[in-house]
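# Per-entry structural report
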Amino acid sequence: MTSSPNGARRRRPVIVPVALALAVVGVGVTAAFGGFKDAPDKPPATVSPGDMIDQGLFHTQFIKAIDITEKGDFGTDKRYLELVLKVTNVGDRTASVGVMPEAGKYSPFGSFAGSLLRTRPEIKTEYGPEVSVLSLGVESHQLHPGITTTVVVKYELEPTATAPPEISLDVGSFAYEQLGLLNQGYDWMLAGAYTDEKGTFEPEVATRITLPVRKETS
């Protein structure tokens, strides 16, 4: 749930004893008839290439996915699967583009790339994907407020590898939340929840997008 930037939150109503007693009776009846059943998870919203996605802190468009061969060092060619995005930082501070998380290793204190939760199929590379910002021909790793820039996610492929015909991404969103019980400040954090006592964080999938992969020359 997104909190307002001034930190105000709606107070939860206090449960009176009568309501609590009725709840206890309800639990007993439910248990007698087989217990609780988990409601099916609502699938995330799906969008099309080029649609604007409101991620809270960022407005993002997934433009295309391409299979491309580029000239490398010493005259060698390198082949990549590239995802091309348009990203606008709508916050009031410069943000890091960051790195995409490893599967199952998520943090709420993330960067933009931390909201690119997973791909299907999983694209495996030795060092993971490179994520960079391209602005006026200059490569950086910063997203300045109020500016729309191109972000490129690059997976290096083997020269003989077969690129998938399409790639799907699970995308998270950011909420302006209190940092913790001891820290009363607020900041943008990846929406999700801790799932166990070990502090495992599971982000919420806000959007899912599928991009066709097309061949392109550099």
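As the structure is a prediction and not an experimental result, all values here were calculated from the model. (Residues numbered from 1 in each chain as written. Predicted model: local features only at pLDDT ≥ 70, side-chain atom pairs only at ≥ 80, totals over all residues. Heavy atoms only, no water.)

What follows deals with the overall build of the chain. When you go through the chain residue by residue, the secondary structure sums to 1 helix and 16 strands. Evaluated residue by residue, the chain yields a buried proportion of 33% over its 218 residues. Of all intrachain contacts in the chain linking residues separated by at least 6 positions in sequence, the fraction that spans at least 24 positions is 66%. Surface accessibility of the chain: about 14,300 Å² in total, with carbon and sulfur atoms responsible for 56%. (Helix = DSSP H or I, 4+ residues; strand = E, 2+ residues; numbered from the N terminus. Buried < 20%, exposed > 50% of the residue type's maximum accessible area, 1.4 Å probe, protein only. Contact = heavy atoms within 4.5 Å. Areas by Shrake-Rupley, 256 points an atom, 1.4 Å probe, with all protein chains shown as cover.)

The next subject is the nonpolar core. In terms of nonpolar packing, the biggest core is built from 35 residues, with F62, L83, F112 and V151 touching the most fellow members. Not counting chain neighbours up to four residues away, the residues in contact with F62 comprise P49, G50, D51, I53, V84, L85, L116, L169, V171, I209 and L211. (Core = buried A, V, L, I, M, F, W, Y, C linked by side-chain atoms within 4.5 Å.)

On the surface, a nonpolar cluster with roughly 320 Å² of combined accessible area is contributed by F109, L179 and Y194. Residue classification places L179 among the partly exposed positions, given a relative accessible area of 30%. (Patch = residues over 30% accessible without salt bridge, like charges linked within 9 Å, V, L, I, M, F, W, Y side chains within 5 Å. Salt bridge = Lys/Arg side-chain N within 4 Å of Asp/Glu carboxyl O.)

As a further point, take the pattern of salt bridges. Here the idea is simple: oppositely charged side chains can pair when their charged atoms come close. Per the stated rule, a full pass over the model turns up 13 salt bridges. As a salt-bridge pair, D67 and R79 come within 2.9 Å of each other at their nearest N and O atoms. With D67 in strand β3 (residues 58-71) and R79 in strand β4 (residues 77-89), this pair connects stretches of sequence that are 12 residues apart. Judged by relative accessible area, D67 falls into the buried class, the value being 7%. Judged by its relative accessible area of 9%, R79 is buried. Between K71 and D77 there is a salt bridge, and its shortest N-O distance comes to 3.3 Å. What makes K71 exposed here is its relative accessible area of 68%.

With that settled, consider the pairing of strand β12 (residues 174-178). Counting buried positions along β12 gives 4 out of 5 residues, so the element sits mostly inside the fold. Here β12 pairs with strand β13 (residues 186-190) via 5 bridges, running antiparallel. Bridge pairing links F174 to L190 in β13. (Pairing = 2+ DSSP bridges.)

Right, let's get into the environment of T69. Turning to its location among the elements, T69 is positioned in strand β3. A residue is classified by how much of its surface remains accessible, and T69, at 31% relative accessible area, is partly exposed. When the C-alpha atoms of T69 and E216 are compared, they prove to be 7.8 Å apart, with 147 residues separating the residues in sequence. Beyond its immediate chain neighbours, meaning those up to four positions away, T69 contacts D77, K78, R79, E216 and S218.

Moving on: the confidence of the model for the chain. This prediction gives the chain a mean pLDDT of 82; 81% of its residues lie at or above 70. Per-element confidence in the chain ranges from a low mean pLDDT of 38 for helix α1 (residues 17-32) to a high of 98 for strand β11 (residues 166-171). (pLDDT = per-residue confidence, 0-100.)

Turning to the packing of aromatic side chains, a few remarks are in order. Per the stated rule, a full pass over the model turns up 5 aromatic pairs. Between Y176 and Y186, the ring centres sit 6.1 Å apart and the planes meet at 15°, which makes this aromatic pair stacked. With Y176 in strand β12 and Y186 in strand β13, this pair connects stretches of sequence that are 10 residues apart. With relative accessibility at 19%, the residue Y176 sits in the buried group. (Phe/Tyr/Trp six-rings, centres within 6.5 Å; stacked < 30°, edge-to-face > 60°.)

We now examine the side chain of T207. Within the fold, T207 resides in strand β16 (residues 207-217). On the accessibility criterion, T207 (9% relative accessible area) is buried. Sequence-distant contacts of T207, defined by excluding residues within four places in its chain, comprise P44, A45, V47, I53, L169, D170 and V171.

What follows is about the environment of E102. Mapped onto the elements, E102 comes out in the loop between β5 (95-96) and β6 (116-120). Counting along the chain gives 16 residues from E102 to R118, while the straight-line C-alpha distance between them is 8.3 Å.

Let's shift gears to a negative patch on the surface. Taken together, the side chains of E126, E130, E139, E156 and E158 present a region of like negative charge at the surface. Locating E158 in the fold gives a position in the loop between β10 (148-157) and β11. E158 gets classed as exposed once you look at its relative accessible area, which sits at 56%. (Lys, Arg positive; Asp, Glu negative; His and termini not counted. Charge placed at Lys NZ, Arg CZ, Asp CG, Glu CD.)

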